[in-house]
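# Structural description and commentary
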Amino acid sequence: MLEVQDLNVFYGGIHALKGLTIQVPQGRVVTLIGANGAGKSSTLRAIAGLIRNKKGHIRYRGSEISGLSPVDIVKSGIVMAPEGRKIFPHLSVLDNLRLGAYARKDKAGVEKDLKWVYELFPRLEDRKDQKGGTLSGGEQQMLALGRALMSAADLIMLDEPSLGLAPKLVREVFEIIATINALGKTVLLVEQNAFAALKIAHHAYVLEVGAIVLAGSGEELIADSRVRDAYLGG
Amino acid sequence: MSLAMFLQHGLNGLTLGSLYALIAIGYTMVYGILRLINFAHSEIFMLGAYFVLWGTTLFFLPWYVAMVVAVVVTAGVGILVDRVAYRPLRDAPRISALISAIGVSFFLQNLTIVAFGAIPREVYRPLWLETPMLMGEVRVLPLTIFVPTLSFLLMLGLVWVVYRTKAGLGMRAISKDIETSYIMGVSVNRIISLTFGIGSALAAASGIMWALRYPQLQPVMGSIPGFKAFIAAVFGGIGSIPGAVVGGVILGFTEIMAVAFFPDLAGYRDAFAFVLLIAILLIKPTGLMGAKLEDKV
């Protein structure tokens with residue numbers, strides 16, 4: 001569904017991604033793991049169209065999207081839930097969700113998806129008139145996920161969704177990601193919590209200083225001694 | 001001072017205050033989104049008034065039609081200014097856009113001198129707005145009711161756009177976080193254009209009504225009201241639309257009342273605004289309704 005081929009990204013003088021190639025097949029959960037600064041977020045930001053200074057190919061459903069603006073990328077069916085959640089603290093929960101559907105024109109579909117998101121996250125419905133900033137960390141993460149789902153995108157990119165959450169909530173977030181995937185969404189997941197990510201991932205890539213050093217199924221990588229040593233704490 | 005006199009001054013203050021408020025809204029909206037003080041806004045105010053002159057003398061439009069046309073054309077000029085002078089500098093340091101704004105201000109002033117001449121011009125005013133009515137003891141100029149009423153309606157319209165439409169949701173979102181709005185699918189440039197359009201339309205409405213009150217048109221007529229409206233926006237808390245309205249009304253009111261109570265100080269009239277500015281900057285630098293300013297990362 002998504003093919004990234006030989007992607008190079010430059011920040012000023014820094015060569016952040018060096019010929020990255022990954023594939024995200026439809027209906028799967030694919031995860032990128034790696035240390036801080038390995039280029040995980042840069043990969044997602046490049047796909048989302050936020051990084052202009054890049055070389056290489058990004059193809060989605062067969063067509064090249066690397067030149068498109070972020071707005072056109074959302075319209076083509078890829079959405080990103082950014083690192084740090086980035087919900088709008090001064091807007092109500094409902095307005096935050098409506099923003100997720102901003103690029104859509106099908107009003108009936110938006111209302112339907114709103115109901116669906118409320119079913120997935122009942123707490124968001126309870127708090128729909130509350131300001132986003134008043135939610136707890138876990139609720140804010142639900143809101144960020146719900147907002148991404150409101151775009152009706154088929155490919156959801158999640159940047160560190162478990163960051164800063166209590167262990168119980170971390171489990172909940174990974175359960176939700178599995179649920180979203182079971183409902184037909186393709187997921188590209190970036191995580192520092194490598195073990196949890198590998199457990200739900202069909203395919204996984206290990207990223208080191210801007211390049212893929214290892215690839216395989218989630219189970220294979222959990223079993224791999226190099227991954228165990230470097231990312232799973234031995 | 002008798003009650004009747006006080007009411008009369010009160011209406012005058014409200015009139016002046018709503019004119020400041022309409023200009024201040026444009027400053028505050030653009031600042032809220034781009035963190036830019038659009039110094040060309042004074043000239044947008046002035047152009048609104050001049051376009052009415054043009055409409056009535058060159059195209060022989062009836063005054064009320066000319067006013068509507070002038071508002072629309074001025075909104076277009078505001079959008080054009082953003083496109084030409086600010087958008088190319090979006091990723092540049094903020095000071096560059098500020099300098100560009102000052103440049104646009106000079107450019108528009110001088111363009112007006114070339115197009116209309118530097119000689120003060122008089123604009124047509126419907127007579128009924130200037131004929132005082134007697135309401136009990138109070139002598140009321142219909143203008144001092146017309147201006148606050150129309151301003152109030154325009155502000156209601158603005159509130160509707162900002163809080164009840166999808167574009168308004170986009171505005172509120174990008175005022176907090178442009179990048180995240182962008183990846184949610186908000187067409188940021190289109191929303192910014194709309195912001196300039198609305199702000200300029202309100203400034204034009206203010207300029208046009210200003211010309212009804214003070215009928216001399218000059219290319220530099222925007223400077224002082226523009227400055228004061230900027231102060232009103234800072235006073236109310238720059239970035240906040242209600243703040244701009246409250247700041248504008250307070251400023252207009254204070255100015256009129258200070259002169260009414262202390263006629264000897266009339267010569268210092270223009271200084272009151274600046275005293276108010278210094279006071280608020282000392283006491284509450286973020287303004288009456290300003291949120292804590294966080295610098296954008």
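Time to look at the interface of chain B and chain A. Each partner contributes to the interface: chain B provides 14 residues, whereas chain A provides 19 residues. Of the residues assigned to the side of chain B that touches chain A, the class counts are 6 nonpolar, 4 polar and 4 charged.

With that out of the way, let us pick up helix α3 (residues 93-100) of chain A. The buried fraction of α3(A) is high, at 6 of 8 residues. Buried within α3(A) are the following residues: V93(A), N96(A), L97(A), R98(A), L99(A) and G100(A). The inward-facing, buried residues of α3(A) contact α4 (107-120), α5 (122-126) and α6 (137-149) of chain A together with α6 (166-174) of chain B.

Per-residue pLDDT for chain B averages 93, and the proportion of residues at 70 or more is 98%. Predicted complex metrics record ipTM = 0.91 and pTM = 0.92.

Residues and elements named next belong to chain A. In space, the 4 strands of this open sheet follow the order β2-β1-β4-β5, with antiparallel pairing throughout. In this open sheet, the two strands that pair with only one neighbour each are β2 (14-24) and β5 (63-64). Set on the sheet, helix α1 (residues 40-47) makes contact with β1 (2-11), β2 and β4 (54-60); between it and β2 the angle comes to about 70°.

Another point: the sheet that holds strand β9 (residues 203-208) of chain A. Residues and elements named next belong to chain A. If you trace the 6 strands from one edge of the open sheet to the other, you get β6-β7-β8-β3-β9-β10, paired in mixed fashion. Only two strands of the sheet have a single neighbouring strand rather than two, namely β6 (78-81) and β10 (211-217). Strand-to-strand, the axes of this sheet are offset by a mean angle of 15°, without reference to chain direction. Packed on one face of the sheet, helix α7 (residues 167-182) meets β3 (29-34), β7 (155-159) and β8 (186-191) and runs near 155° to β8.

Looking now at the pairing of β7(A). All names here are of chain A. Of all 5 residues that make up β7, 5 are buried, and the element is covered over most of its length. The pairing of β6 with β7 spans 4 bridges and is classified as parallel. What sits directly across from M80, in β7, is M157. Pairing geometry for β7 and β8, over 5 bridges, is parallel. Residue pairing for β8: M157 is matched across the bridge by L188. Each parallel crossover has a hand, and the one from β7 via α7 to β8 is right-handed.

So, about helix α3 (residues 63-86) of chain B. Residues and elements named next belong to chain B. With 24 residues, α3 should cover 34 Å at 1.5 Å per step; its first-to-last C-alpha distance of 33 Å lies within 8% of that length. Every buried residue of α3 is accounted for by A66, M67, A70, V71, T74, A75, V77, G78, V81, D82 and Y86. Summarising the contacts, the buried residues of α3 are in contact with α2 (41-57), α4 (94-116) and α8 (188-213).

Right, let's get into the nonpolar core. In terms of nonpolar packing, the biggest core is built from 155 residues, with I78(A), M157(A), L189(A), A24(B), I25(B) and A232(B) touching the most fellow members. Ranked by residue count, the leading element in this core is helix α1 (residues 3-34) of chain B, at 16 residues. Excluding residues that lie within four positions of it along the chain, I25(B) makes contacts with L158(B), G199(B), L202(B), I241(B), A244(B) and V245(B).

Criteria and cut-off values
- Residues numbered from 1 in each chain as written.
- Chains lettered and ligands numbered in written order.
- Predicted model: local features only at pLDDT ≥ 70, side-chain atom pairs only at ≥ 80, totals over all residues.
- Contact = placed C-beta atoms within 7 Å.
- Nonpolar A, V, L, I, M, F, W, Y, C, P; charged D, E, K, R; others polar.
- Buried ≥ 20, exposed ≤ 12 C-beta atoms within 10 Å, placed from the backbone.
- Helix = DSSP H or I, 4+ residues; strand = E, 2+ residues; numbered from the N terminus.
- pLDDT = per-residue confidence, 0-100.
- Pairing = 2+ DSSP bridges.
- Axes fitted to C-alpha atoms, helices over the stretch in contact; angles between N-to-C directions.
- Right-handed = clockwise from strand over helix to strand, strands pointing away.
- Expected span 1.5 Å × (residues − 1).
- Core = buried A, V, L, I, M, F, W, Y, C linked by C-beta atoms within 7 Å.

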